[in-house]
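# Coordinate inspection notes
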Amino acid sequence: MREILASSELFGGLSSEHLDEIEKIAVIKQYGRGESIFFEGDPGTGFYMVATGRVKIFKTSISGKEQILHIFGPGEPFGEVPVFHGQPFPANATALEKTSLIFFSRQAFVDIVHTMPSLVMNMLAVLSMRLRRFTTQIENLSLKEVPARLAGYLLYVAEEQGNVKQVELQISKGQLASLLGTIPETLSRIFAKMSEEGLISVDGKMISLLDLEGLEQKE
């Protein structure tokens, strides 16, 4: 747990003594693949950080259509906004695979924040980055066509994974379709068209980026 905490954006840079205090209030929770962590409307009694595995945050329409808002991996916190304004969780969270989470209760975390000004700054940085991500996602879903959304996503993941020539999809194509606000059939057609245009080549979960300039023009 200590390594995950120390390397995370939220707790990175804290002193060893402060990390000791964080560890004291941290609780490990285990979830199986497909197991719900919380539902929209549940009381925001605390927030989580992914230790291992992945978690999807999503909304579901009345008709049952699912829109993935974000997918979180190791070291990333989620559900932290309700901690500060005491509101229910605004979306659902489910484990995409066998997942280990670190849970921080709202009251214990609020108590400890008062003693760590640097933690407040880290939290502001994380929330600011989260806001930028959602702003970009809203812009993509409302203003861009699906090919542009896919191109932007591939370029973003390439940068995140540190490999401009190849991307490894860490979610299923069905989940990717939901994340991009489309359906799997449409996404498959766009993958095929981009392959025909020589922009990418697809081998299972591995996507080779053959023409970065062309992808940037699509974006």
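None of these values were measured; they are calculated from a predicted model.

## Section: the side chain of serine 208
Structurally, the position occupied by serine 208 is in strand β11 (residues 206-209). At a separation of 3.5 Å, a polar atom in the side chain of serine 208 contacts the side chain of glutamine 166. Apart from residues lying up to four places away in sequence, serine 208 is in contact with Lys165, Gln166, Leu199, Ile200 and Ser201.

## A few points about the UniProt feature "domain: HTH crp-type" (unreviewed entry) in the protein
Per the UniProt annotation, the sites labelled "domain: HTH crp-type" (unreviewed entry) are residues 144-213. The distance from the first to the last C-alpha atom of residues 144-213 is 18 Å, and the span holds 54% helix and 16% strand.

## Observations concerning the sheet that holds strand β1 (residues 26-31)
The strand order across the open sheet formed by 4 strands is β1-β8-β3-β6, and the pairing between neighbours is antiparallel. A strand with exactly one partner marks an edge of an open sheet, and here the two such strands are β1 and β6 (77-78). Direction of pairing for strand β3 (residues 46-52) relative to β6: antiparallel, over a ladder of 2 bridges. Note on β6: the bridge partner recorded for tyrosine 48 is phenylalanine 78.

## Focus: the domain arrangement of the protein
Segmentation of the protein into domains returns domain 1 (1-139) and domain 2 (146-218). The straight-line distance from the C-alpha centre of domain 1 to that of domain 2 is 27 Å. Both sides of the domain 1 and domain 2 interface together cover about 710 Å² of buried area, and 48% of this is carbon and sulfur. In this assembly, domain 1 and domain 2 are joined by 0 salt bridges. Joining domain 1 to domain 2, the criterion identifies 4 residue pairs in polar contact (both at pLDDT 80 or more). Mapped onto the side of domain 1 that touches domain 2, the elements with two or more residues apiece are β5 (66-72) and α5 (117-143). In terms of residue count, β5 provides more of the side of domain 1 that touches domain 2 than any other element does, 6 residues in total.

Thresholds, definitions, all that
Residues numbered from 1 in each chain as written. Predicted model: local features only at pLDDT ≥ 70, side-chain atom pairs only at ≥ 80, totals over all residues. Heavy atoms only, no water. Helix = DSSP H or I, 4+ residues; strand = E, 2+ residues; numbered from the N terminus. Polar contact = N/O pair within 3.5 Å; in protein donor to acceptor, adjacent residues only side chain to side chain. Contact = heavy atoms within 4.5 Å. UniProt positions renumbered as here; feature names shortened; annotations may be inferred. Pairing = 2+ DSSP bridges. Domains from an automatic or database assignment. Buried area = accessible area lost by both parts, 1.4 Å probe. Salt bridge = Lys/Arg side-chain N within 4 Å of Asp/Glu carboxyl O.

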